[in-house]
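# Close look at the chain arrangement
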Amino acid sequence: MRHAQTLGLMLAFGSAWMLGPGLVSARAQVPMSGSFTAEASCFATPSIRSDDNPGRVVTVPGTSYVLLGRNNDPGSHYLIRVPGAAPERRWVAFGCGRVGEVSQSAERPAAPAAAPASPTATAGRPTSGYAQDFVLAASWQPAFCETRRRVRECRDGAADADGFTLHGVWPQPRDLAYCGVAAREKGLAESRRWLDLPELPLGAETRQRLAAVMPGVASGLDRYQWAKHGSCWGGAPDRFFARSAGLIQALNASPVRDLVLSRVGGTLSANEIRAAFDRAFGPGAGDRVLVDCSGGRGQEARIQEIRITLRGDLSADASLAELIAKAPTQPRGCREGIVDPPGFG
């Protein structure tokens, strides 16, 4: 009898193996249908058991993805479809976002919903006049450098970090990119050959201010940010980066920076950061702030960046508080994370 049971199990496993390893994982999955909306940039991996991430796919905050299932009940990860990724079926941790319009069935796989537009698609369309909506991405450089130790600006572990640095100012909507940029330059930008992009025509004062708040200038980050995002602003590079540098300086002159510096080496919650924005820039300012954390499976979350929605004419002299006050709200992002100290480890 035991021999017959063993033979039956072997035959069943053999059939599943012949059909492909995906069948086994699919049976372990709880099928679901609906949508998953990302609230932070999180690695989206083909397997929960491995950190391998072909294409270095990350979720885009505010983007909705087709929800396919979860790994267990209650589980820890959702299975989503990321258009354009290879493979498209990817796992993300529960804390990366929220689900909506959900139904689930343990009997059959969920019917795929209509695929959303690819989060990496770029429109490349020109703008008329100045863009009015933006996201200001302010990085915490020590956390950024923990996973990028070989890039030029990170070789000392961001030893001099004492405030936020400029990642970029991104005209919205998010798919607005590479406006009027030649195909060759777009190719250089996408292949990370940023120092091969044309040098920007910045005045000496702007260049000095930008270098002080954007360490990535050493790797050509300014050239990349202009090609992909600044080109869609509607004005000249000098004014764009002068204003961008001024916004980061205003953020670092606020109690928000003081709060973050007071927690170096410890934990800070997104709600505390948002409350600090309310105190610094007016009631409701915190609702315009998304906190982005790094850290893969099994790693402690580190606060890597805060992203602030802005609305207004960037070519004028509106203050950071004024630009925040008119902007749309956005999700909170990650709940909390460590404020990484300078250096590695």
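Residues numbered from 1 in each chain as written. Predicted model: local features only at pLDDT ≥ 70, side-chain atom pairs only at ≥ 80, totals over all residues. Heavy atoms only, no water.

The name given to the chain in an unreviewed UniProt entry is Ribonuclease T2, with the source organism recorded as Aureimonas jatrophae.

Looking only at helices and strands, the chain features 10 helices and 11 strands. The buried share of the chain, taken over its 345 residues, is 46%. Nonlocal contacts in the chain, meaning residues at least 24 apart in sequence, comprise 71% of its contacts between residues at least 6 apart. Total accessible area on the chain stands at roughly 17300 Å², and carbon and sulfur atoms take up 52% of it. (Helix = DSSP H or I, 4+ residues; strand = E, 2+ residues; numbered from the N terminus. Buried < 20%, exposed > 50% of the residue type's maximum accessible area, 1.4 Å probe, protein only. Contact = heavy atoms within 4.5 Å. Areas by Shrake-Rupley, 256 points an atom, 1.4 Å probe, with all protein chains shown as cover.)

Running from N to C, helix H5 (residues 204-213) and helix H7 (residues 237-252) point in directions that differ by 40°, and their axes come no closer than 9 Å. Looking at the two axes, H5 sits oblique to H7. In the crossing of H5 with H7, the sense of the turn from one axis to the other is left-handed. Residues Thr206, Arg209, Leu210 and Val213 of H5 lie in contact with H7, whose contacting residues are Asp238, Phe241, Ala242, Ala245, Gly246, Ile248 and Gln249. Across the contact of H5 with H7, the residue classes tally to six nonpolar, three polar and two charged. (Axes fitted to C-alpha atoms, helices over the stretch in contact; angles between N-to-C directions. Parallel < 35°, antiparallel > 145°, perpendicular 65-115°, else oblique. Left-handed = near helix turned anticlockwise from the far one by under 90°. Nonpolar A, V, L, I, M, F, W, Y, C, P; charged D, E, K, R; others polar.)

This brings us to the confidence of the model for the chain. Model confidence for the chain is summarised by a mean pLDDT of 80, while 79% of its residues fall at 70 or above. A low-confidence stretch, residues 1-28 (pLDDT under 50), is modelled with three contacts involving residues beyond four sequence positions or located in other chains. Throughout residues 102-128 the model reports pLDDT below 50, and contacts reaching past four residues in sequence, or to other chains, amount to 56 contacts. (pLDDT = per-residue confidence, 0-100.)

Here we take up the pairing of strand S1 (residues 30-38). Among the nine residues in S1, nine count as buried, and that is most of the element. Sheet analysis places S1 next to strand S2 (residues 64-70), joined by five bridges and oriented antiparallel. Its bridge partner lying in S2, Pro31 is registered against Gly69. (Pairing = 2+ DSSP bridges.)

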